[in-house]
Number of protein chains: 2
Amino acid sequence: AMGGDSAPAVEVEGVSHALRELPPGFLVQLVGQPDAIERELDRHPEVDRGRLEIVEASEVIGMGEKPLAAVRRKRKSSLVVGLSLQSAGKSDAFISAGNTGAILAASTVVLGLHHGVERASVGAMLPTAFGPSLLLDAGANVDASARELACFARLGSVYMRDVMGVSAPKVGLLNVGEEDEKGGAVVREAHGLLRDQSGLEFVGNIEGRDILAGHPKAGHVDVAVCDGFVGNILLKFYESVGKLLQRLLANGDAGLLAHPDIRAAFRFLDYSQYGGAPLLGVRGISIICHGSSPANAIKHAIRVAVHSVEVQLDQHIKAEFERNGA
Amino acid sequence: AMGGDSAPAVEVEGVSHALRELPPGFLVQLVGQPDAIERELDRHPEVDRGRLEIVEASEVIGMGEKPLAAVRRKRKSSLVVGLSLQSAGKSDAFISAGNTGAILAASTVVLGLHHGVERASVGAMLPTAFGPSLLLDAGANVDASARELACFARLGSVYMRDVMGVSAPKVGLLNVGEEDEKGGAVVREAHGLLRDQSGLEFVGNIEGRDILAGHPKAGHVDVAVCDGFVGNILLKFYESVGKLLQRLLANGDAGLLAHPDIRAAFRFLDYSQYGGAPLLGVRGISIICHGSSPANAIKHAIRVAVHSVEVQLDQHIKAEFERNGA
């Protein structure tokens, strides 16, 4: 509950919204400083306290802190305490709007990685006109080896299949051209690994335009694989497109911004800021939200977490790496 | 004249448009297979043949060919012949819609690099609501050393200042976060080099959203520096945004796509496909167009080339690297 820029106010409000929508069996644990959380809960008398537990965590990891060092030092942070609940079997999923690097580090350390997974990866869902596309890694790792890229592809494929319900998710490797031999050594090697990987619908290299416009041959691509440097820059760029359009249209016809189709288009583009990004590859469920997430985004992230638990994402990822080897 | 997907038809049509707008002193050389060019010129009787010269080049480098090998083997290609005119002092600028890698290779080999320039870089102009932003490298090099990234920054800064008329262009280094220590080793080293570089308005790291939305502190960024892998993916992604919007709006109110403000917004976004991208760092002027450029884009590229010659871009780049060392 202490992660986001406006914690714990936004977290508590998001939980209040989520509890109204979630199936009755689900309970929420709010991890953090009890006084601060109680103060916010006082403003939400609608919350069914019988479905809520407050778990004390006295420390907070700030946005500016070095991830791994902070995780090691602050064992009583809401991040470490919250994840430890899961590793101890006392919770099924973890959600935070805190420092992304720290969530990655703590999730990897506390939950551990699935056997065969090289590195955990943040998957970001990009809305396209043909359906969502999962971009990963979206910022967990600033670089990635060929084996790690291949691992991201498999993690993303399982997520799109089992959580998003895409029957045979198409996976593309982001590159500067369609041809097999394009790109630097790492991407070329990853291409070879992916081509030889069984059980994966690998469509080959995709270009930057293919995410939104579809691949010329394969059509809509469900999973776009890249290292975290490219993914993070691309994701944030996408998030700013709505702002550009708003500015472009703001100087003209005043009624246009109020037009329902235009409003729908902006909502569509803003989608990228809502909801959590799954951290894939760790043993368990860990969902990362923007630090600036509004309550609605927290609610959506809780929904993603619940759905991931319901479909047993964790078991599917374990099975994928057992079946197809490391 | 033989580079683009519809060569030489589009090239000849673009030249016809350009000749109507260019100052009288400028002449155009069409380099390629004279028969094919003449056939197209027959369809454009409006062209003032006194301002046009056809230079024979019997070979053509295809889109699929390996750049450097093709340049070495096909000395009579329109690419090599056209660039050689410039190195021989018989022309001032070169424009092609051919194979980007081959244009880069041939320009580097035939024109040479300015003293102190590590590597040539393709600059792509991204329209933002606050003015254009030059993204470089936009695909010439799939990776880049820290020194090369610093070099791209200086090339971009000179271009924005002397060709685009921005008095003190702000330069940002694309990264996954604002903080100095973000990113991998190469980007961190480049950050240090840029910070210490005199005569450069370096605003530090910028994030993916800062290109379109402006940097939180520095505002609009004129030059965004990255390696060619990131730049190429980002540029192509940007080019597909218009398509996404078109699809989003196509299902709703039929009149909306015809609304003048919406049409203007689409024209604005489509801008990225028009006009040439300067190849910076070579001795001379070399402008790269999309293979799928329409005649209008060829015309715009000619205008960019003419303007680059008028402001003596080449001399300014030479001076920048002489003044501030390699």
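Use the structure listed above.
A few points on the structure.

Cut-offs used in this document
Residues numbered from 1 in each chain as written. Chains lettered and ligands numbered in written order. Predicted model: local features only at pLDDT ≥ 70, side-chain atom pairs only at ≥ 80, totals over all residues. Heavy atoms only, no water. Least-squares fit on C-alpha atoms with pLDDT ≥ 70 in both. Contact = heavy atoms within 4.5 Å. Axes fitted to C-alpha atoms, helices over the stretch in contact; angles between N-to-C directions. Helix = DSSP H or I, 4+ residues; strand = E, 2+ residues; numbered from the N terminus. Left-handed = near helix turned anticlockwise from the far one by under 90°. Nonpolar A, V, L, I, M, F, W, Y, C, P; charged D, E, K, R; others polar. Polar contact = N/O pair within 3.5 Å; in protein donor to acceptor, adjacent residues only side chain to side chain. Salt bridge = Lys/Arg side-chain N within 4 Å of Asp/Glu carboxyl O. Buried < 20%, exposed > 50% of the residue type's maximum accessible area, 1.4 Å probe, protein only. Pairing = 2+ DSSP bridges. Phe/Tyr/Trp six-rings, centres within 6.5 Å; stacked < 30°, edge-to-face > 60°. Lys NZ or Arg CZ within 6 Å of the ring centre and 35° of its normal. 1 Å grid on protein atoms, 1.4 Å probe; cavity = no way out; pocket = protein on both sides within 12 Å on 5 of 7 lines; lining within 4 Å. Points joined across faces, edges and corners; volume = space filled by probe spheres on them. Disulfide = S-S within 2.5 Å. Buried area = accessible area lost by both parts, 1.4 Å probe.

Comments concerning the relation of the copies chain A and chain B
Once chain A has been moved 0.0 Å along the axis and rotated by 180 degrees, it coincides with chain B to within an RMSD of 0.0 Å. As the rotation angle and translation indicate, the two copies are arranged about a two-fold axis. Across chain A, the smallest distance between a C-alpha and the rotation axis is recorded for Val230 of chain A, namely 2.9 Å. Interface overlap between copies: 100% of the residues of chain A at the interface are likewise at the interface in chain B, consistent with a symmetric, same-surface contact.

Looking at the packing of helix α4 (residues 78-87) of chain B against helix α5 (residues 100-111) of chain B
Residues and elements named next belong to chain B. Interhelical geometry of α4 versus α5 gives an angle of 35 degrees and a closest axis separation of 9 Å. Between α4 and α5 lies a crossing whose hand is right-handed. Two secondary-structure elements touch here, α4 through Leu79, Val80, Leu83, Ser84, Gln86 and Ser87 and α5 through Ala102, Ile103, Ala106, Ser107, Val110 and Leu111. Classifying every residue of the contact of α4 with α5 gives eight nonpolar, four polar and no charged.

Re the side chain of His44 of chain A
Residues and elements named next belong to chain A. Following the sequence through the fold, His44 ends up in the loop between α2 (34-42) and β2 (52-56). A distance of 2.9 Å separates polar atoms of two side chains, one belonging to His44 and the other to Glu46. Sequence-distant contacts of His44, defined by excluding residues within four places in its chain, comprise Val12, Glu13 and Ser16.

Comments concerning the pattern of salt bridges
Residues and elements named next belong to chain A. This structure, assessed with the given rule, holds 34 salt bridges over all chains. For Lys217, the salt bridge goes to Glu178, with nearest N and O atoms at 3.0 Å. With Lys217 in the loop between α8 (210-213) and β9 (223-225) and Glu178 in the loop between β7 (170-174) and α7 (185-195), this pair connects stretches of sequence that are 39 residues apart. Residue class for Lys217 comes out exposed when judged on its relative accessible area of 70%. What makes Glu178 partly exposed here is its relative accessible area of 27%. The residue Lys318 makes a salt bridge to Glu322 at a minimum N-O spacing of 3.7 Å. Of this pair, Lys318 and Glu322 are both found in helix α12 (residues 313-323), four residues apart, which corresponds to roughly one turn of the helix. On the accessibility criterion, Lys318 (38% relative accessible area) is partly exposed. Among the ionic contacts, a cluster of salt bridges with common partners joins Glu21, Lys299 and Arg303.

A few points about the sheet that holds strand β8 (residues 201-206) of chain A
Residue and element names in this part refer to chain A. Taken in spatial order, the five strands make up an open sheet running β5-β6-β9-β7-β8, and their pairing is mixed. Looking at the sheet topology across the chains shown, the edges are occupied by β5 (124-128) and β8. With direction set aside, neighbouring strand axes in the sheet form an average angle of 25 degrees. With three bridges joining them, β7 and β9 adopt parallel strand pairing. Within β9, the residue paired with Gly172 across the bridge is Ala224.

What about the packing of aromatic side chains?
Summed over the entire model, instances satisfying the criterion amount to three aromatic pairs over all chains. Between Phe237 of chain A and Phe237 of chain B the ring centres are 6.4 Å apart and the planes differ by 75 degrees, which places this aromatic pair in the edge-to-face class. Residue Phe237 of chain A is located in helix α9 (residues 228-250), and its partner Phe237 of chain B is located in helix α9 (residues 228-250); the two belong to separate chains. In this structure, Phe237 of chain A and Phe237 of chain B share a single accessibility class: buried. The rings of Phe237 and Tyr238 of chain A together with Phe237 and Tyr238 of chain B are connected pair by pair, giving a single aromatic cluster. Directly above the aromatic system of Phe321 of chain A lies the positively charged group of Arg154 of chain A, at a separation of 4.2 Å from the ring centroid.

Topic: the sheet that holds strand β10 (residues 277-280) of chain B
Residues and elements named next belong to chain B. An order of β3-β11-β10-β4 is seen for the four strands of this open sheet, with the pairing classed as mixed. In this open sheet, the two strands that pair with only one neighbour each are β3 (94-96) and β4 (121-122). Packing against the sheet, α4 makes contact with β3 and β11 (286-288), and its axis sits at approximately 160 degrees to β3.

Description of empty space enclosed by the protein
Tallying each qualifying case throughout the model produces three cavities of 30 Å³ or more. Its boundaries defined by the atoms lining it, the largest cavity holds a volume of some 120 Å³. Around the largest cavity, the lining residues are Leu245, Leu249, Ile262, Ala265, Phe266 and Leu269 of chain A together with Leu245, Leu249, Ile262, Ala265, Phe266 and Leu269 of chain B. Secondary structure elements with two or more residues in the lining of the largest cavity: α9 and α10 (260-270) of chain A together with α9 and α10 (260-270) of chain B.

Some remarks on the state of the cysteines
Covalently bonding the sulfur atom of one cysteine to the sulfur atom of another cysteine gives a disulfide. Taken as a whole and judged by the stated rule, the model has zero disulfides over all chains. Cys226 of chain A takes part in no disulfide bond, and the closest cysteine sulfur, belonging to Cys226 of chain B, lies 14 Å away.

As for the interface of chain A and chain B
Taken residue by residue, the interface counts 48 residues in chain A and 48 residues in chain B. Across the chain A to chain B interface the summed buried area is about 4200 Å²; carbon plus sulfur atoms make up 79%. When residues of chain A are sorted by the area they lose upon contact with chain B, Phe229, Phe237 and Leu244 of chain A head the list and together hold 16% of the total. Across the pair Lys236 of chain B and Glu207 of chain A runs a salt bridge whose closest N-O atoms are separated by 2.3 Å. Taken together, the elements giving at least two residues each to the side of chain A that touches chain B come down to β5, α8, α9 and α10 of chain A. Per-element tally for the side of chain A that touches chain B: the top contributor is α9 of chain A, with 18 residues. Of the residues assigned to the side of chain A that touches chain B, the class counts are 27 nonpolar, eleven polar and ten charged.

Topic: the pairing of β5 of chain A
All names here are of chain A. For β5, the buried fraction is high: five of the five residues fall into the buried class. Of the two faces of β5, the one holding Ala124, Leu126 and Thr128 and the one holding Met125 and Pro127 are both buried throughout. Where β5 and strand β6 (residues 131-136) come together, five bridges link them in antiparallel fashion. Its bridge partner being in β6, Leu126 is matched across the sheet by Ser133. Connecting β5 to the antiparallel partner β6 that follows it, the hairpin turn spans two residues.

Considerations on α7 of chain A
Among the residues making up α7 of chain A, those that are buried are Val187, Ala190, His191, Gly192 and Leu194 of chain A. Tucked into the core, α7 of chain A has its buried residues touching α6 (146-162), β7 and β8 of chain A together with α9 of chain B.

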